[in-house]
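# Observations on the model geometry
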Amino acid sequence: MARDIQITFDCADPGALATFWAEALRYQVQAPPGDFESWDQALEAMGVPPERRNDASAVVDPDGSGPRVFFQKVPEPKKVKNRVHLDVRAAPGLEGDARMAALEAEADRLVSHGATRLDRHEPAPPLGAGHLIMADPEGNEFCLD
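Okay, so let's go over this structure. Bear in mind that the values here come from a model prediction, so they are computed numbers and not experimental data.

## Side note on the pattern of salt bridges
Within the structure shown, the criterion is met by 12 salt bridges. Close ionic contact of Arg109 with Glu106 constitutes a salt bridge, the shortest N to O distance being 2.8 Å. Taken as a pair, Arg109 and Glu106 lie in helix 3 (residues 96-111) at a separation of three residues, close to a single helical turn. Classification of Glu106 by relative accessible area gives buried; the value is 9%. When salt bridges with common partners are traced through the structure, they connect Glu23, Arg26, Glu106 and Arg109 into a single cluster.

Right, dumping it as C-alpha cells:
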C-alpha cells in the first residue's frame, strides 16, 4: 500500500505562505479542529500564546486526494536554490502556443497573489513541452508545467 505524504515548507510567515499555496494549488487552508470557528480560538484554547500562533499552517486538497502541504516557521531565511520543487500542472493536455498561453495566464494570476516570474522555457519538441519557472512570496522556486 502506498504511503500518504505531506510536503513541508520551512518559511518565515506560515500563514501568508499557506494562503498563497492554497490559491496556487486550488487547495484550502486546513480548518481548525473540533467545533472551533477559527484557528485563533483553537490555539487560545490550547494555551498557545499570541506570538506563537503563526508558527505553523497547512493547506489541504478539498477533494481529499492530494497531499497535505505544511508550513513551519524557521528562524533562518532561504539562502540557495531549492533542491526539490513543486511542478504545478497548469496546462495538462495542451501543447505549443495553447500550452504556453495557459501557463502565462496562470503565471499572471499567481503574480497577483505574490509570486515572481523567474524564467520561461520555450517548447523544444519532442521531449520539452515548455514551462515557466516561478517563485512563491518567500522565494521558493516552483514550475508551472
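## What about the nonpolar core?
Within the largest apolar cluster, 24 residues are counted, with the highest numbers of intra-cluster contacts made by Trp21, Phe71, Phe142 and Leu144. Only strand 1 (6-11), helix 1 (14-25), strand 4 (68-73), strand 5 (86-88), helix 3, strand 7 (131-135) and strand 8 (141-144) provide two or more residues apiece to this core. If you tally residues by element for this core, the top one is helix 1, at six residues. What Leu144 contacts, discounting residues up to four positions off in sequence, is Val88, Ala90, Leu103, Glu106, Ala107, Leu110, His131, Leu132 and Met134.

## Some words on the sheet that holds strand 1
Spatial strand order, 1-4-3-2: four strands in an open sheet with mixed pairing. The open sheet terminates on both sides in strands that have one partner only, identified here as strand 1 and strand 2 (28-29). Sheet analysis places strand 2 next to strand 3 (residues 56-60), joined by two bridges and oriented antiparallel. The residue of strand 3 that forms the bridge with Val29 is Val59. Against the sheet, helix 1 contacts strand 1, strand 2, strand 3 and strand 4, and its axis sits at roughly 160° relative to strand 4.

What counts and how
Residues numbered from 1 in each chain as written. Predicted model: local features only at pLDDT ≥ 70, side-chain atom pairs only at ≥ 80, totals over all residues. Heavy atoms only, no water. Salt bridge = Lys/Arg side-chain N within 4 Å of Asp/Glu carboxyl O. Helix = DSSP H or I, 4+ residues; strand = E, 2+ residues; numbered from the N terminus. Buried < 20%, exposed > 50% of the residue type's maximum accessible area, 1.4 Å probe, protein only. Core = buried A, V, L, I, M, F, W, Y, C linked by side-chain atoms within 4.5 Å. Contact = heavy atoms within 4.5 Å. Pairing = 2+ DSSP bridges. Axes fitted to C-alpha atoms, helices over the stretch in contact; angles between N-to-C directions.

Don't take any of this as a statement about function, it's just geometry.
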